[in-house]
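Coordinate analysis (summary)
So you can see what is in the structure, the chains are spelled out below.
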Amino acid sequence: RMDYIANKILMVRPSAFGFNHETAPSNSFQKTLDLTADEIRRRAAAEFDLMVAGLRDLDVEVKVIEDSEGDHTPDSVFPNNWFSTHPDGSFCLYPMEAAARRYERRLAAEMDFRAAVRYSKRIDMTGFESEGKYLEGTGSMVLDHENKIVYASLSSRTDNEVLNHWTAEFGFDRVAFNSADDKGTPIYHTNVLMTLGDNFAVVCLECIPNESERELLAGTLIETGKEIIEISRGQMNQFAGNMILLKNGAGQKILVMSERADRSLTDDQRKKLEQQAKPAAFDLETIEDCGGGSARCMIAELFY
């Protein structure tokens, strides 16, 4: 069953990182910072480099791609939204809501994915953009590869029809629901409210207003053998839902999160997580504040 946990990841080093005005209306986690654009870029790059170095120190295999300077790609540090790879050898490209983010996909050609990822099947769903319908990769979908279940919080970036298309293509069952932050705004990506491990799930159930949707989500997690570690809305706002389980070269499980997420956990939550995996927390303050995403968003799993 360990094959469902990636031991190789891709990260994109940001060169044009900054506040993206196109994504801000649907991402309530983004904040404007009282710093120059250069300072924001410099800090984001430093946070990125320290995270890569820290993961490599833990013997996680990290493939890094440099984003080219001069391109308007303020969010390129979040590659998990435009592509995914799968244990069955599939590679999928996704339709993105913000026009500025679609340009990130040019990296797929630059990387020569055929060499980097020996995928057996290539699925391109970007055509939905022309219909104004979006599904932003493993931001929009939290995937249980083993049980073939996709968890998805519907939003402007996670369209029901595109989700149905994806589940038909991959043969997954779906658990879809609506969620909202404390202001009642739909939560932009599913992976900020839940993290799925092999035997556990970190999830903010209180941000799902509909009781039957909440019960279906919790019930499905329990049925598939996941221990639910519930986080509050306040902890979700500190990115405690945006973790990712990886494994290193020795097969040890590593749970990657930000320092902000780690600080928000209770002793009991932390103890439960430590029983599941070795925690690895990184300072991502600038990337979190300005980009509105955290550790999980920065990591694209490579299954091959």
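These figures come from a predicted structure and were not determined experimentally.

**Some thoughts on the overall build of the chain**
Scanning the chain from terminus to terminus reveals 11 helices and 15 strands. Per-residue burial for the chain yields a buried fraction of 60% across its 304 residues. Long-range pairs, those at least 24 residues apart, make up 74% of the contacts in the chain between residues at least 6 apart in sequence.

**Brief notes about the pattern of salt bridges**
Within the structure shown, the criterion is met by 17 salt bridges. Here Asp289 makes a salt bridge to Arg260, at a shortest N to O gap of 2.9 Å. Taken as a pair, Asp289 in helix α11 (residues 285-291) and Arg260 in helix α9 (residues 259-264) lie far apart in primary sequence, 29 residues in all. Of the two residues, Asp289 and Arg260, both sit in the buried class.

**Observations regarding the sheet that holds strand β7 (residues 149-153)**
The 3 strands lie next to each other as β6-β7-β8, forming an open sheet whose pairing is mixed. Two strands close off the open sheet at either side, each with one partner strand: β6 (141-144) and β8 (173-177). In this sheet, adjacent strand axes meet at a mean angle of 20° when their direction is disregarded. The sheet contact formed by β6 and β7 spans 4 bridges and is antiparallel. If you follow Leu143 over to β7, its bridge partner there is Val150. Against the sheet, helix α6 (residues 160-170) touches β6, β7 and β8, its axis set at about 160° to β8. Sheet strands in contact with helix α7 (residues 211-223) are β7 and β8, and its direction is about 140° off that of β8.

**Quick notes on unusual backbone geometry**
Positive phi values are uncommon outside glycine, yet Asp59 reaches one of about 70°. Considering the arrangement of structural elements, one finds Asp59 in the loop between α1 (37-57) and β2 (61-66). Owing to a relative accessible area of 43%, Asp59 belongs among the partly exposed residues under this scheme. Phi is positive for Lys148, which is not a glycine, with a value near 55°. Structurally, the position occupied by Lys148 is in the loop between β6 and β7.

**Examining the nonpolar core**
Core analysis: the largest hydrophobic core is formed by 62 residues, its most contacted members being Met11, Met51, Leu55, Met194, Leu217 and Val256. Here this core gets 5 residues from one element, more than from any other, and that element is α1. Each residue touching Met51, except ones within four places of it in the same chain, is listed here: Met11, Val256, Phe282, Leu284, Ala295, Met298 and Ile299. Counting residues in hydrophobic clusters, the runner-up holds 17 residues, among them Ile123, Met141, Ala152 and Ala176.

**Concerning the packing of aromatic side chains**
In the structure shown here, the tally under the stated rule is 4 aromatic pairs. Summarising the aromatic geometry, the rings of Trp82 and Phe83 are spaced 4.7 Å apart at their centres and angled 50° between planes, so their arrangement reads as tilted. Exposure class is identical for Trp82 and Phe83. Each is buried. Ring geometry for Phe83 against Phe91: centres 5.8 Å apart, planes inclined by 35°, an arrangement best described as tilted. Grouping residues by exposure puts Phe83 and Phe91 together as buried. Here the aromatic residues Trp82, Phe83 and Phe91 are joined through ring pairs into a cluster of three or more. The residue whose ring lies beneath Lys121 is Phe170, and the NZ or CZ to ring-centre distance is 6.0 Å.

**Observations concerning α7**
Across its 13 residues, α7 extends 18 Å between first and last C-alpha, which sits within 8% of the 18 Å expected from 1.5 Å per residue. Within α7, the full set of buried residues consists of Glu213, Leu217, Ala218, Thr220 and Leu221. On an axial view of α7, the arc spanned by its buried residues comes to 160°, and they lie on one face. Of the exposed residues in α7, those oriented more than 90 degrees away from the buried face are Ser212, Glu215, Ile222 and Glu223. Among the structural elements, β7, β8, β9 (194-196), β10 (200-203) and β11 (227-230) are those in contact with the buried residues of α7. With its phi angle positive at about 80°, Gly225 sits one or two positions after the end of α7.

**Observations concerning the side chain of Ser155**
In this fold, Ser155 is placed in the loop between β7 and α6. Within the structure, Ser155 has its side chain in polar contact with the backbone oxygen of Tyr188 (distance 3.1 Å). With residues near it in sequence (within four places) discarded, Ser155 still touches Pro186, Ile187 and Tyr188.

What counts, and where the lines are drawn
- Numbering of residues begins from 1 in every chain and follows the order in which that chain's sequence is written.
- For this predicted model, a pLDDT threshold of at least 70 governs which residues receive local features, and a threshold of 80 or more governs which side-chain atom pairs are given and counted, while totals over whole chains, interfaces and linings are taken from all residues.
- Side-chain figures throughout are based on the complete set of non-hydrogen atoms in the structure, without hydrogens or water.
- Strands here mean DSSP runs of E at least two residues long; helices mean DSSP runs of H or I at least four residues long; both are numbered from the N terminus.
- Exposure categories follow from relative accessible area, calculated using a 1.4 Å probe and restricted to protein chains: below 20% of the type maximum is buried, above 50% is exposed, and the middle band is partly exposed.
- We call two residues in contact when some of their heavy atoms are within 4.5 Å.
- Salt bridge, as used here: a side-chain nitrogen of Lys or Arg that lies within 4 Å of a carboxyl oxygen of Asp or Glu.
- Being paired, for any two strands, means DSSP has found at least two bridges between them.
- To get an axis, fit a line to the C-alpha atoms, keeping to the stretch in contact for a helix; angles then go from 0 to 180 degrees between the N-to-C directions.
- Think of a nonpolar core as a cluster: buried Ala, Val, Leu, Ile, Met, Phe, Trp, Tyr and Cys residues, connected wherever their side-chain atoms sit within 4.5 Å.
- Note on aromatic contacts: the rings of Phe and Tyr and the six-membered ring of Trp form a pair at centre separations within 6.5 Å, being stacked when their planes are under 30 degrees apart, edge-to-face when over 60 apart, and tilted otherwise.
- Two conditions define a charge located above a ring, namely a distance within 6 Å from the ring centre to NZ of Lys or CZ of Arg, and an angle within 35 degrees of the ring normal.
- Each helix should span, by expectation, one fewer than its residue count multiplied by 1.5 Å.
- The arc under discussion is defined with respect to the helix axis, by the directions toward the C-beta atoms.
- A 3.5 Å cut-off defines polar contacts: any pair of N or O atoms within that distance qualifies, except that in protein one atom must be a possible hydrogen donor and the other a possible acceptor, and neighbouring residues in sequence count only when both atoms are side-chain atoms.

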